[in-house]
Amino acid sequence: MLLSPVVNGQIIPTLQQVTAQGNTTDRSIILGNGTVSSMYSYGSSGVVLGTTTNHPLSLFANNTASVVLLPNGNIGMGSGSPIYKLHLYSAGNTNTTAAFLAGEYYGPSFGVKGNSPSYYALNVVNNVTAPEVSGAGANSLLYVRADGNVGVGTNAPAYKLDVNGTISSSNAAGASPYIIRNTSNLNRWSLGISNSETGTGNTGFDFRVVRWTDAGTALGAPLFIRRSNGFIGLNNENPQSQLDVNGNAMIRGEIVSNISDPNTGGRIELRNPAKTENGAASRWVIFNMAGAYGNSLQFWSYDNLGCTTGGMCANRVTFKDDGNVGIGTMTPVYKLDVRGTGAFSGKVTIGETNAQSDLNVNGNIKTRKITVTQTNWPDYVFDSSYQLKPLHQVAQYIQQNKHLPDVPSAEAVNKNGVDIGDNQALLLKKIEELTLYIIQQNKDMQEMKDRIKVLEAKK
């Protein structure tokens, strides 16, 4: 015969007593030893299995507590002291997954009530402390915040995806492992690689950024970076230099060529591939020169043959650091030093800014010879039809105007200058007129001498 336990002053029937008495009213079985009591009950509200005292409920398998339910509602599987509502723990290096959640069509959902950034829906950590509780040394491997931000390697994600660490992606040649889509799920930009590796020379797997049409088809790569040498192409998937731009470029700032060279220094090169014939400058290079070339900015031209094979390779213009400019010389000694023939189709002004004539010089001109082409040269003075003014008229004109007829006055010369060609023609005209006057005077004098001889012969 079993004795009935007493709990809180109340006698609890044993299982044998309940069975013997036929207690079918509450349909419950309560077992106890005076300190701990357990209960099994069923009715319209369902089946109840638990304890009636402040003690945990354990389910045993193979004489080991596999599932533990604490009075506070925490459930432990593999943990005898669960500190969370559901605490799963797989002890030891057993290669056994601690938990597996799956659905035939839908997987598990995790969530919290609320969307505050201070809440999190999922936090995967490592370095948990003994034996299965996350402590101060734990690190967040995957953190899903209640506002939708996801952190990898951080529990304070500031963006929808915030990664603290290295991201690695592997894909086939020509594929785009990173694709940016719009709200309609159409591709807009993608990051990827363009070709396969060759196994030597760091070639292949070049980086490219691809843009896409409104319909979601690839348009080409506006940005391309070659892995072997780091050359960057803009709208160019075959860059031939550190930066190779296929198209126009606008620089809203300085362009600096900084080359430490004792002779040529920094440079800018301009090319035209259409100039293929020998003697045509397919390349022009501007050098900031020094050393053997002198401190200067120089323009050089080259054809496709170049310097070493007897092609075009010559200095064309030199700007010395002191401001002298040389054409045809690298050592100009004047502000403009031209070695060769020069031609000007417009006005040239020296020493003044008001260009009234084709050549304007405010200063002295030194030359060995000047050739002036002139029309209407005054040989017409010696024509029989030319009317030579009588000397008394010339004398009267001089008396009134203080200069010869047809000759500009001093005032006019001071104001307008003198046309060398016209002045030479005018001076020649006056010399020819003077010659005619002398001839006429000589004729008159000869006639006078002849008349004197006749008169003397009659005496």
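Scroll up for the structure.
Residues numbered from 1 in each chain as written. Predicted model: local features only at pLDDT ≥ 70, side-chain atom pairs only at ≥ 80, totals over all residues. Heavy atoms only, no water.

> For this particular structure, what's the right way to read the overall build of the chain?
Each helix and strand in the chain was counted, giving four helices and 27 strands. Evaluated residue by residue, the chain yields a buried proportion of 19% over its 459 residues. Residue pairs at least 24 apart in sequence account for 19% of intrachain contacts in the chain once pairs closer than 6 positions are excluded. (Helix = DSSP H or I, 4+ residues; strand = E, 2+ residues; numbered from the N terminus. Buried < 20%, exposed > 50% of the residue type's maximum accessible area, 1.4 Å probe, protein only. Contact = heavy atoms within 4.5 Å.)

> Quick question: what am I supposed to make of the sheet that holds strand β18 (residues 232-234) here?
The strands making up a sheet associate through backbone hydrogen bonding, with each pair oriented either parallel or antiparallel. Ordered in space as β14-β15-β16-β17-β18-β19, the six strands form an open sheet in which the pairing is mixed. Edge strands, defined here as strands with exactly one partner in the open sheet, are β14 (178-181) and β19 (243-245). Adjacent strand axes in the sheet meet at a mean angle of 20°, parallel and antiparallel pairs treated alike. Taken together, the three bridges between strand β17 (residues 218-225) and β18 define a ladder with antiparallel strand orientation. (Pairing = 2+ DSSP bridges. Axes fitted to C-alpha atoms, helices over the stretch in contact; angles between N-to-C directions.)

> What is the right way to read helix α4 (residues 420-457) from this model?
Counting along an α-helix, one turn takes 3.6 residues, and residues three or four places apart therefore face a common direction. Taking 1.5 Å as the rise per residue, α4 with 38 residues should run 56 Å; its terminal C-alpha atoms sit 55 Å apart, in good agreement. Every buried residue of α4 is listed here: Gly421, Ala425, Leu426, Lys429, Lys430, Glu432, Glu433 and Tyr437. Contacts from the buried residues of α4 go to α2 (391-401). The distance from a side-chain oxygen at the start of α4 to the backbone nitrogen of glycine 421 is 3.0 Å, and the residue carrying that oxygen is aspartate 419. (Expected span 1.5 Å × (residues − 1). Polar contact = N/O pair within 3.5 Å; in protein donor to acceptor, adjacent residues only side chain to side chain.)

> Quick question: what am I supposed to make of the state of the cysteines here?
The term disulfide refers to a covalent linkage connecting the sulfur atoms of a pair of cysteines. Counted according to the given criterion, the structure contains one disulfide. There is a disulfide in this structure between cysteine 307 and cysteine 313, and the S-S distance comes to 1.9 Å. Its torsion about the S-S bond being 75°, the disulfide of cysteine 307 and cysteine 313 is classed as right-handed. Cysteine 313 sits in the partly exposed class, given a relative accessible area of 27%. (Disulfide = S-S within 2.5 Å.)

> Looking at this structure, I do not really get the pattern of salt bridges. What am I missing?
Inspection of the entire model under this criterion finds nine salt bridges. Measuring nitrogen to oxygen at the nearest pair gives 3.1 Å for the salt bridge that ties glutamate 237 to arginine 208. Taken as a pair, glutamate 237 in the loop between β18 and β19 and arginine 208 in strand β16 (residues 207-212) lie far apart in primary sequence, 29 residues in all. In this structure, lysine 429 and aspartate 406 form a salt bridge, with 3.0 Å as the shortest nitrogen-oxygen distance. Highlighted residues: lysine 429 in helix α4 and aspartate 406 in the loop between α2 and α3 (410-416), separated in sequence by 23 residues. Overall, lysine 429 belongs to the buried group, its relative accessible area being 12%. In the salt-bridge network here, residues are joined through shared partners; they are Asp406, Lys429, Lys430 and Glu433. (Salt bridge = Lys/Arg side-chain N within 4 Å of Asp/Glu carboxyl O.)

> Looking at this structure, I do not really get the sheet that holds strand β10 (residues 120-126). What am I missing?
Read from one edge of the open sheet, four strands run β10-β11-β12-β13, paired in mixed fashion. If you trace the sheet from one side to the other, it starts and ends with β10 and β13 (161-163), each paired once. Taking the axes of each pair of neighbouring strands and ignoring which way they run, one obtains an average angle of 15° across the sheet. Bridge count for strand β11 (residues 139-145) against strand β12 (residues 150-152) is three bridges, and the pairing is antiparallel. Following the sheet pairing, tyrosine 143 is matched in β12 by glycine 151.

> Any chance you could explain the environment of glycine 204 here in plain terms?
Counting through the fold element by element, glycine 204 comes out in the loop between β15 (187-193) and β16. For glycine 204, a relative accessible area of 7% translates into the label buried. Along the primary structure glycine 204 and serine 194 are separated by ten residues, whereas in three dimensions their C-alpha atoms are 7.6 Å apart. Each residue touching glycine 204, except ones within four places of it in the same chain, is listed here: Asn195, Ser196, Glu197 and Arg227.

> How should I be thinking about the pairing of strand β23 (residues 313-320) in this particular structure?
Note on strand geometry: in a regular strand, side chains alternate between the two faces of the sheet. Of the pairings in the sheet, the one linking strand β22 (residues 296-302) to β23 comprises seven bridges and is antiparallel in character. Residue pairing for β23: glutamine 298 is matched across the bridge by threonine 318. Bridge count for β23 against strand β24 (residues 325-327) is three bridges, and the pairing is antiparallel. Residue pairing in the sheet places threonine 318 in a bridge with glycine 326 of β24. In this structure, the hairpin formed by β23 and β24 is closed by a connection of four residues, where glycine 323 is found at a positive phi of approximately 100°.

> Can you walk me through the pairing of strand β6 (residues 57-61) in this structure?
Pairing of β6 with strand β7 (residues 64-69) involves five bridges; the strand directions are antiparallel. Bridge pairing in β7 links alanine 61 to threonine 64. Hairpin connection, β6 to β7: the antiparallel pair is bridged by two residues, and asparagine 62 has positive phi, about 55°.

> Can you walk me through the side chain of arginine 226 in this structure?
By the element assignment, arginine 226 lies in the loop between β17 and β18. Looking at arginine 226, its side chain comes within polar contact range of the side chain of aspartate 206, at 3.5 Å. With residues near it in sequence (within four places) discarded, arginine 226 still touches Asp206, Phe231, Glu237, Asn238 and Pro239.

> Explain the environment of aspartate 322 to me, please; I cannot follow it from the model alone.
Position of aspartate 322 among the secondary structure elements: in the loop between β23 and β24. Here the alpha-carbon distance between aspartate 322 and serine 296, two residues 26 residues apart in the chain, equals 8.4 Å.

> Where do I start with a nonpolar patch on the surface in this structure?
A surface patch of nonpolar side chains, amounting to about 370 Å² of accessible area, comprises Val124, Leu141, Leu142, Val152 and Leu161. You can see leucine 142 is positioned in strand β11. Looking at leucine 142, the relative accessible area reads 31%, which means it is partly exposed. (Patch = residues over 30% accessible without salt bridge, like charges linked within 9 Å, V, L, I, M, F, W, Y side chains within 5 Å. Areas by Shrake-Rupley, 256 points an atom, 1.4 Å probe, with all protein chains shown as cover.)

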